[in-house]
Amino acid sequence: HLSSSSKSRWWREGEIMPDAEMADKPKEGEEKDKKQLSEIANNKKKEDFGPLLEAAIPQNKDLALKQGKKAEAIDNLLGVEKTTRLAQDAFATGKVAVAIVQIFKELGDWEGMNSNMVLISKRRQQLKQVLVDMVQEAMTYLDLTPNPETKMELIKTLRAVTEGKIHVELERARLTRTLATIREKEGNVSEAAELMHEVQVETYGSMDKEEKVDYILEQVRLCLDKGDLVRGTIVSKKITAKTFEKDALQPLKLRYYKLMNRIYGQEDQYLNLAQSFHNMYKTPIVQEDPAQWMSLLKSVVVYLVLAPHDNHQHDFLVRLCEDKKVEDLKPMKVLLNYFKTLEIIRWSALKELYHGELSQHEAFQGEKSSQRWEDMKKRVIQHNIRVVSTYYTDITMPRLAQLLELSAEDCEKHVCDMVVAKVLWCRIDRLKGVATFVPAKDPNDTLNAWSNDISELLGKVEKMCHLIHKENMVHGNAK
């Protein structure tokens, strides 16, 4: 017999004790018990409730609908539902729950349907699929309700049943949109917008891409109708241009850019408006309709001309001039060439020439029509100042005002605005009345530039001498 101290010593030295071998046997017994329990559970799940459902559902439907014993039939079905639920049979339990809802619908007992849906959803250990089947069945009855009040009660019940349950988030989102549509028809746009804003569909994995984009666009539209431009802009950023790469999403693409045009139009973001209309113009379904693409292309030109000059605007203008379809819109082509060419534009002549054409466009209609004409005149003046700064280093202010068809004060104001915006370098000597568009060079910079030019010239002369000497040598050897 070994003492306890010797046993502990063996254990410390890494030897296997006889007790350790015996300790494995209970573990093996526990595993066998777990396997038996799992087999029992599986047997319960695999229990076939088909015969029970085939007998119980038609029998209780007849009992409720033909014999008028609704309460007895519902109690019977709830008992069947309990049996299938405890057996963890989601399919059978779902069929029973749907049958209960159908009975109430056939009897026209909408109040009873609402109360029993709440009862079934709150039952202990209720299965997720049962709730999904029941809610989907009840949603098909929304358009069959006898009056708006009944429909509203059914929607409220379904939204209460689905609240906080991720497995019915898709159904809840659709119910919320239905409710928002009803509120909007009632004239309560603010409440409709708030209802839609509660749903964050971009996180829903069960909703397909097309429905998700459509839902977000509806959220943006309601925000804009409500007058909440800030929230509408934030929600619109959930969608990017890459979202519409598939041809199936072209109608949604057009709808998206129309909503973006509303946002850009209120903020007078002309370059963004031009790009938005150009994206619509490039859509394949628009290219198939000449009337549509001509109208959109005209909008692109108008808003591009109204946009302040910068590198992006100039690059867009040059690329648009290369589009062959612009040739079909000759007035717009000429207008683009005016701003593309470095020549003075006479505002009086341009306004007389394009007043009728531009007055028919939506940009020059409505409350902002006068502002748009002022912006157009401002763009012409800024273009002319850039042209003058290209050809002149110094010019007198009276002559500059004459070229711009402005008074001396307005001429100076526009030049100063461009200088502040850092799109032009200019210094005005008010005593002499001279505007200078070229900054004075430092003498050292001038000398350095002259030295570099002389070095480059001497290098070229030396290279020419080497080439001449090489040719003389070649011809000398030939002789």
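Provided above is the structure to which this section pertains.
Cut-offs used in this document
Residues numbered from 1 in each chain as written. Predicted model: local features only at pLDDT ≥ 70, side-chain atom pairs only at ≥ 80, totals over all residues. Heavy atoms only, no water. 1 Å grid on protein atoms, 1.4 Å probe; cavity = no way out; pocket = protein on both sides within 12 Å on 5 of 7 lines; lining within 4 Å. Points joined across faces, edges and corners; volume = space filled by probe spheres on them. Nonpolar A, V, L, I, M, F, W, Y, C, P; charged D, E, K, R; others polar. Helix = DSSP H or I, 4+ residues; strand = E, 2+ residues; numbered from the N terminus. Expected span 1.5 Å × (residues − 1). Buried < 20%, exposed > 50% of the residue type's maximum accessible area, 1.4 Å probe, protein only. Arc of directions from axis to C-beta. Contact = heavy atoms within 4.5 Å. Polar contact = N/O pair within 3.5 Å; in protein donor to acceptor, adjacent residues only side chain to side chain.

**Focus on empty space enclosed by the protein**
Here comes step 1: Inspection of every chain in the model, using the stated rule, returns 1 cavity of 30 Å³ or more.
Here comes step 2: Size it by volume and the largest cavity reaches roughly 90 Å³.
Here comes step 3: Lining the largest cavity are Val305, Ala307, Pro308, His309, Gln313, His314, Leu317, Phe339, Arg379, Gln382 and Arg386.
Here comes step 4: Tallied by class, the residues present in the lining of the largest cavity amount to 5 nonpolar, 4 polar and 2 charged.

**Let's talk about helix H4 (residues 70-86)**
Here comes step 1: Given a rise of 1.5 Å per residue, 17 residues ought to cover 24 Å, and the 24 Å separating the end C-alpha atoms of H4 matches this to within 8%.
Here comes step 2: Ala73, Ile74, Leu77, Leu78, Val80, Glu81, Thr84 and Arg85 are the residues of H4 that are buried. Seen end-on, H4 carries its buried residues on one side only, within an arc spanning 165 degrees. Turned more than 90 degrees off the buried face of H4, the exposed positions are Ala71 and Asp75.
Here comes step 3: For H4, the secondary structure elements touched by its buried residues are helix H3 (50-65), helix H5 (90-107) and helix H6 (110-121).

**Some points on the side chain of Thr243**
Here comes step 1: Following the sequence through the fold, Thr243 ends up in the loop between helix H12 (229-236) and helix H13 (250-267).
Here comes step 2: We classify Thr243 as buried; its relative accessible area is 13%.
Here comes step 3: Polar side-chain contacts of Thr243 include one of 2.9 Å to the backbone oxygen of Thr240.
Here comes step 4: Beyond its immediate chain neighbours, meaning those up to four positions away, Thr243 contacts Lys209, Val213 and Leu249.

**Quick word on unusual backbone geometry**
Here comes step 1: We note that Gln88 has phi near 60 degrees; this positive angle belongs to a residue other than glycine.
Here comes step 2: For Gln88, the position within the fold is in the loop between H4 and H5.
Here comes step 3: Look at Gln88 and you get partly exposed, because its relative accessible area is 36%.

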